[in-house]
Amino acid sequence: MSSAAERARQPSIRDVARLAGVSHQTVSRVLNDHPSIRPETKAKVLDAISVLDYRPNLAARALVTSKSNVLGILSATIGEFGPTSSIAGIEDAAREEGYAVSTLNLPATTPEAIGNAVRQLAREQVDGIVVLAPQVRVFHVLRGMSVDMPFVTLQTASGSDGVSLSADQVAGARAATEHLISLGHSDILHLAGPQDWIEAESRMRGYLDGLREADLPTFPPIRGDWTADFGYFAGKELSRRRDFTAVFAANDLMAIGLMHGFRDAGLRVPHDVSVIGFDDIPVAAHVAPTLSTVHQDFPELGRRAVRILLAQIRGEEAPAFGPLQTVLRARESAAAR
């Protein structure tokens, strides 16, 4: 039998939970011999384990025997400001709770690469995983996997089998668009992030919502790649057309490159065209002109992830967090029309 077929045949902790009529966290607590479990609940879970011939994987066996006091981080991006800042928040919060962190950067976002990374973290017997999965394809692969350990995802759409945390990207992008509209701009372009990125789609949606609410015309989004180099290229190309007065860029790096491209093409920001970005990276307040942008607290997302993950590991009720609010930082790059 192939390894894929064998994995499909083997029952998971969620199969046990469904048969026993309990949550997968309850099954984990039974495996961990948690004192809060009622005898009748424990009996139902043990019966389900017997019926299904469930064999805990390495991570589940670690729950049965002892905790490793290590949290895994599975990151699908390298060097991006947001994920890097969230990882710093995860590390700080984990350290305060007496946990170490093991970080794996995905070499690719194929199902095979994601599966291998999850299995590697399981072999390390981490107590739980925080997944930084900004691409839609990573989210879909995780949904199709049977991850038999607690996990939390950052920057994802809702509906995962684990718990999802995110900042309110739609509201932030809408606030950026509405800020430009309040300054008198009615022809506003959007320099979007790449397809398949959840943040890019959310920010585009906020932009479109803002224009629709104001009954203003929309333009086809310009798909970028998050880099200042692309922003610079877009600025040089857009300078050839003058059917807009403002641009909302989906991140600060593209916005900064865009302003550079405009400047080299002879356009003045904000006199000729206003620009606003997203993320509030540290350098945004130090470019000329200073960049209007949308701030989100990436480290706080990481800290919240650890709180939820540790609650799952300990068999406790996880705190309920809504989307983290974003804040508009109005600076010099966006001015009245």
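Quantities reported herein were computed from a predicted structural model and do not represent experimental measurements. (Residues numbered from 1 in each chain as written. Predicted model: local features only at pLDDT ≥ 70, side-chain atom pairs only at ≥ 80, totals over all residues. Heavy atoms only, no water.)

**Digging into the overall build of the protein**
Under the convention used in this document: Going along the chain from the N terminus, every DSSP run of H or I of four or more residues is numbered as a helix, and every run of E of two or more is numbered as a strand. Only protein chains enter the accessibility calculation, which uses a 1.4 Å probe; a residue is then buried when its area is under 20% of its type maximum, exposed when over 50%, and partly exposed in between.
Along its length, the protein carries 13 helices and 11 strands. Taking all 337 residues of the protein together, 51% fall into the buried category.

**As for the packing of helix 2 (residues 13-20) against helix 4 (residues 39-52)**
Formally: Fitted lines through C-alpha atoms serve as axes, helices being fitted only where they are in contact, and the angles separating the N-to-C directions of these axes extend from 0 to 180 degrees. Any angle from 65 to 115 degrees is called roughly perpendicular, while one under 35 is roughly parallel, one over 145 is roughly antiparallel, and all others are oblique. Crossings are assigned a handedness: left-handed for a near helix turned anticlockwise from the far helix by less than a right angle, right-handed for a clockwise turn. Working rule for contacts: check all heavy atoms of both residues, and any pair within 4.5 Å makes them a contact. As a working rule, the residues Ala, Val, Leu, Ile, Met, Phe, Trp, Tyr, Cys and Pro are called nonpolar, Asp, Glu, Lys and Arg charged, and the rest polar, with Gly in that last group.
Close contact between helix 2 and helix 4 brings their axes to 9 Å; oriented N to C, the two are set at 120°. As the angle between them shows, helix 2 and helix 4 are arranged oblique. Relative to helix 4, helix 2 is oriented so that their crossing is right-handed. Listed contacts from helix 4 to Asp-15, Val-16, Leu-19 and Ala-20 of helix 2 are Lys-44, Val-45, Ala-48, Ile-49, Val-51 and Leu-52. Of the residues contributing to the contact of helix 2 with helix 4, the split by class is eight nonpolar, no polar and two charged.

**Observations concerning the pattern of salt bridges**
Using the following cut-off: In what follows, salt bridge is the name for a side-chain nitrogen of Lys or Arg lying within 4 Å of a carboxyl oxygen of Asp or Glu.
Per the counting criterion, the structure on display carries 16 salt bridges. Its salt-bridge partner being Asp-243, residue Arg-241 comes within 2.9 Å of it at the nearest N-O pair. By relative accessible area, which is 31% here, Arg-241 ends up partly exposed. We classify Asp-243 as partly exposed; its relative accessible area is 37%. For Arg-304, the salt bridge is made with Glu-300, and the minimal N-O distance between the two is 3.2 Å. With a gap of four residues between them, Arg-304 and Glu-300 both fall in helix 13 (residues 298-314), about one helical turn apart. Under the relative-accessibility criterion, Arg-304 is labelled buried at 15%. One connected set of salt bridges, linked through shared partners, spans Arg-174, Glu-178 and Glu-213.

**Describing empty space enclosed by the protein**
What counts is decided by this rule: Points on a 1 Å grid, built from protein atoms alone, make a cavity when a 1.4 Å probe fits but cannot get out and make a pocket when they are open with protein on both sides within 12 Å along at least 5 of 7 lines; residues with an atom within 4 Å of a point are the lining residues. Grid points are joined across faces, edges and corners, and a volume is the space filled by probe spheres set on the points.
Scanning the entire structure with this criterion turns up two cavities of 30 Å³ or more. In this model, the largest cavity occupies a volume close to 180 Å³. Those elements giving two or more residues to the lining of the largest cavity turn out to be helix 6 (81-96), helix 10 (198-213) and helix 12 (252-264). Tallying contributions element by element places helix 6 first for the lining of the largest cavity, with three residues. A per-class count over the lining of the largest cavity returns eight nonpolar, four polar and five charged.

**Considering the packing of aromatic side chains**
Basically, it comes down to this: Aromatic rings from Phe, Tyr and Trp, taking only the six-membered ring of Trp, are treated as a pair when their centres fall within 6.5 Å; an angle between ring planes under 30 degrees marks them as stacked, one over 60 as edge-to-face, and anything in between as tilted.
This model, assessed by the stated rule, comprises five aromatic pairs. Taking 6.4 Å as the distance between ring centres and 50° as the angle between the ring planes, the aromatic pair formed by Phe-248 and Phe-278 counts as tilted. Here Phe-278 lies in the loop between strand 9 (274-276) and strand 10 (293-295) and Phe-248 lies in strand 8 (residues 246-249), a separation of 30 residues in the sequence. For Phe-248, a relative accessible area of 0% gives the class buried. Exposure remark for Phe-278: the relative accessible area of 0% places this residue in the buried category.

As far as function goes, none of this settles anything; it's purely spatial.
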